[in-house]
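# Coordinate inspection notes
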Amino acid sequence: MIDSTPKGLNVDDRNLVASEEMAHAIAAEFTNTIAELRRELQMTDDPSDWMNLLQRGGQ
Amino acid sequence: MTGLPAVAALRKARAWQPWINCFVTIDDTAGDRAEQLAAVDQSDADSAAPVQLRGIPVAYKDAFVVSGRIPGAGSRVKLAQPTARADVERILSRSGTVTIGTLHLDEFSYAATGRSEVLGDCRNPWNLEHATGGSSSGAAAAVAARIVPLAIGTDTGGSVRLPAAWCGVLGFKPTFGTVSTAGIVPLSPSQDTVGLLSTDVELLRQAYHALLGNTLSRVRPRRADTPHPPAGLRIGRPTDVHLQVADEDALAGLHIAEKALGDLGAALVETELAYMPACDTAAAVVTASEAAALHGRLLHDHAGAYQLGTRTRLRVGQLLSAGTYVDALRYRSVAIRRAMAETFTDVDVVLTPVAPSAAPKLTDLPPPSSPGLSRNTKDLLFYTRTFNYLGFPSISVPVGFTEQGLPLAVQLTAAPHADDVLLNVAQALQDLFNWSSRQPQLPSPANNRGRRPFV
């Protein structure tokens with residue numbers, strides 16, 4: 001079925017565009033939330049968590 | 001031999017299937033196998049197998065390799081031929097159960113509605129206009145309709161507990177890692193857990209222990225030593241701030257369980273679950289990242305074969321960085337320490353809703369073709385997903401019905417390896433409410449406003 005909207009996309013293509021936009025929006029939200037958790041991780045100062053030491057090193 | 005439970009199960013399956021669409025395959029040879037099993041000398045059976053499992057008909061979510069069949073996984077995407085059957089099905093069959101078929105599911109277990117473009121929607125036996133939930137949709141519907149007394153599903157974010165709650169049956173997710181997931185189509189291997197659904201706590205316990213006793217790890221959970229549970233147990237109730245996504249029906253179920261557990265002698269205490277929102281997002285990140293990695297080649301080669309909702313979710317995983325995934329995993333150890341320190345030092349069991357509501361109408365849930373499926377159904381897993389991320393055991397237990405006749409349920413969660421404590425509390429609630437005596441009735445054109453079967 002051909003859609004007559006200005007975009008000129010058929011329904012399937014329009015859904016794919018919506019899917020891609022939705023995926024980017026959700027991924028961005030997730031990334032931001034996990035970035036906030038990273039701050040909590042850095043505050044734990046767990047000596048077994050070498051990720052903190054690696055990320056702080058080299059300065 | 002027509003009185004054999006497996007033969008009766010096959011008969012019920014054929015009668016209900018046109019109405020609720022819970023099966024993907026029904027194995028007509030199950031009746032013959034049940035007869036052979038009944039005829040053989042039971043000394044040939046696994047001597048460690050509990051007697052209660054012998055002859056019990058069981059059905060499996062179509063994510064398990066059963067009888068060498070390639071699982072359909074609710075998808076148009078075809079999987080490669082597996083080399084071995086699912087450990088769980090092998091162990092339970094060796095214990096004397098009879099596999100009668102495979103069950104409806106959301107595509108690749110990556111949704112929670114029970115809606116499917118590929119299989120058609122699964123329908124709730126209590127009201128055919130309503131959803132079963134998912135992703136172990138068929139497992140919950142088949143047990144609710146009393147087709148099988150035991151069904152096996154998987155639970156990565158609530159996929160056993162949510163449909164169990166909406167269909168009014170028990171849905172048990174054991175401690176992560178205690179039951180083998182070999183021979184099961186994975187979604188997120190660091191969270192995937194085999195789940196058991198039943199209307200009988202004791203049967204569920206027997207099946208769970210049979211599975212434990214046959215896993216390589218030989219993990220033995222702590223046996224509950226409370227003689228008359230839940231007397232003496234400390235039950236944690238979340239503070240109101242954690243109940244904001246729950247509607248009146250979900251809160252009514254919670255209040256019913258609180259009163260019952262208090263009357264049975266449990267001590268109810270308020271508990272903080274402040275780590276839940278962070279865990280919810282971290283769990284979603286872990287699931288999306290792992291699922292995207294697993295589906296990478298298939299998604300590249302066969303993108304158009306996936307339902308658009310699934311495809312969107314997998315695409316989210318592709319867009320997340322490895323750093324984000326690693327941080328989401330690192331937070332798990334922090335969250336486990338917080339959960340143990342802030343919650344499970346003061347309480348033995350946490351009581352929460354399972355879902356934000358009772359089963360909604362199918363038309364109130366987005367179709368699997370919706371790219372917004374993930375966002376629209378986000379809250380459905382709020383109370384369940386955290387405990388997959390933490391790996392803690394959790395069970396959905398029916399506690400009654402709404403005024404519209406839809407099941408109400410609560411979720412009980414305990415610290416790792418306290419699975420039997422949960423089962424004991426579930427048993428006490430089942431004894432008290434006797435909820436399993438009420439059964440959905442097989443529809444007919446006469447009692448269903450002249451409607452015809454759906455499939």
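Below or above, wherever it landed, is the structure these notes cover. Every value quoted in this text rests on a predicted model; they were computed, and no experiment measured them. By convention here, each chain's residues receive numbers from 1 onward along its written sequence. As they are written, the chains are lettered A onward and the ligands numbered 1 onward, keeping that order. A pLDDT threshold of at least 70 governs which residues receive local features in this predicted model, and a stricter bar of 80 or more applies before side-chain atom pairs are shown or counted, although totals over entire chains, interfaces and linings include all residues. Side-chain numbers here rest on the full set of heavy atoms in the structure, without hydrogens or water.

### Some remarks on the side chain of Thr-271 of chain B
Residues and elements named next belong to chain B.
- A run of H or I in DSSP becomes a helix once it reaches four residues, and a run of E becomes a strand once it reaches two; helices and strands are each numbered from the N terminus. Relative to the assigned elements, Thr-271 resides in strand β10 (residues 267–271).
- Throughout, exposure labels follow a simple rule: accessible area from a 1.4 Å probe, protein chains only, divided by the maximum for the residue type, with under 20% read as buried, over 50% as exposed, and the rest as partly exposed. On the basis of relative accessible area, Thr-271 is assigned to the buried category, the value being 3%.
- Those residues in contact with Thr-271 that lie beyond four places of it in its chain are Gly-236, Arg-237, Pro-238, Thr-239, His-242, Glu-342, Thr-343 and Val-347. Throughout, a residue-residue contact means that at least one pair of heavy atoms, one from each residue, lies within 4.5 Å.

### Description of the interface of chain A and chain B
- Contacts between the two partners involve 26 residues from chain A, matched on the other side by 26 residues from chain B.
- The term buried area means the drop in 1.4 Å probe accessible area that two parts suffer when joined, counted for both and summed. A combined buried area of about 2300 Å² lies between chain A and chain B, and 68% of that area is made up of carbon and sulfur atoms.
- For chain A, the biggest contributors to the area lost against chain B are Phe-30, Ile-34 and Leu-41 of chain A; these three give 25% of the whole.
- Just to be clear on terms, a salt bridge is a Lys or Arg side-chain nitrogen sitting within 4 Å of an Asp or Glu carboxyl oxygen. On inspection of chain A and its partner chain B, the count reaches two salt bridges.
- Asp-327 of chain B is the partner of Arg-38 of chain A in a salt bridge, and the nearest nitrogen-oxygen pair spans 2.2 Å.
- Contacts described as polar in this section are N or O atom pairs within 3.5 Å, which, within protein, must combine one atom able to donate a hydrogen with one able to accept it, while residues neighboring in sequence count only if both atoms come from side chains. There are three residue pairs in polar contact (both at pLDDT 80 or more) connecting chain A and chain B.

### Description of unusual backbone geometry
Residue and element names in this part refer to chain B.
- Following Gly-134, the chain continues to Ser-135 via a peptide bond in cis, the omega torsion being 10°.
- Structurally, Ser-135 can be placed in the loop between β5 (127–131) and α4 (137–144).
- Phi angles above zero are rare outside glycine, and Ser-109 is one such case at about 65°.
- Here Ser-109 shows up in the loop between β3 (98–103) and β4 (123–124).

### Remarks on the pattern of salt bridges
Residues and elements named next belong to chain B.
- Applying the stated criterion to the full structure yields 21 salt bridges over all chains.
- Among the salt bridges present, the one from Arg-115 reaches Asp-121, with a minimum N-O distance of 3.2 Å. Here the two residues Arg-115 and Asp-121 agree in accessibility, since each one is buried.
- Taken together, the shared-partner salt bridges connect Arg-237, Asp-240, Glu-258 and Glu-270 into one network.

### Examining helix α10 (residues 322–343) of chain B
Residues and elements named next belong to chain B.
- In this model, α10 (22 residues) spans 31 Å end to end at C-alpha, consistent with the 32 Å of a helix rising 1.5 Å per residue.
- Of all bends in α10, the biggest is about 25°, found at Ser-333.
- All of the buried residues in α10 are Thr-324, Asp-327, Ala-328, Arg-330, Tyr-331, Arg-332, Val-334, Ala-335, Ala-339 and Thr-343. Here the expected span of a helix is defined as 1.5 Å times the quantity of residues minus one. Here the bend at a residue means the angle between the axes of two seven-residue stretches, the one that ends at it and the one that starts at it.

### Looking at the side chain of Ser-180 of chain B
Residues and elements named next belong to chain B.
- Mapped onto the secondary structure, Ser-180 falls in the loop between β7 (170–173) and β8 (193–198).
- Side chain to side chain, Ser-180 and Asp-87 meet in a polar contact 2.7 Å long.
- Among the polar contacts made by the side chain of Ser-180, one reaches the main-chain amide nitrogen of Ala-182 at a distance of 3.1 Å.

### As for the environment of Gly-265 of chain B
Residue and element names in this part refer to chain B.
- Within the secondary structure, Gly-265 sits in the loop between α7 (248–263) and β10.
- With 34 residues separating them in the primary sequence, Gly-265 and Ala-231 have C-alpha atoms 4.2 Å apart.
- Excluding residues within four positions of it along the chain, Gly-265 makes contact with Pro-230, Ala-231 and Gly-232.

### Quick look at helix α2 (residues 30–39) of chain B
Residues and elements named next belong to chain B.
- Taken residue by residue, α2 has Ala-30, Gly-31 and Ala-34 as its buried positions. Looking down the long axis of α2, one finds its buried residues gathered within 100° of arc, a one-sided arrangement. Relative to its buried face, α2 has exposed residues pointing more than 90 degrees away, namely Gln-36 and Ala-39. An arc is given here, and it is the one of the directions from the helix axis to the C-beta atoms.

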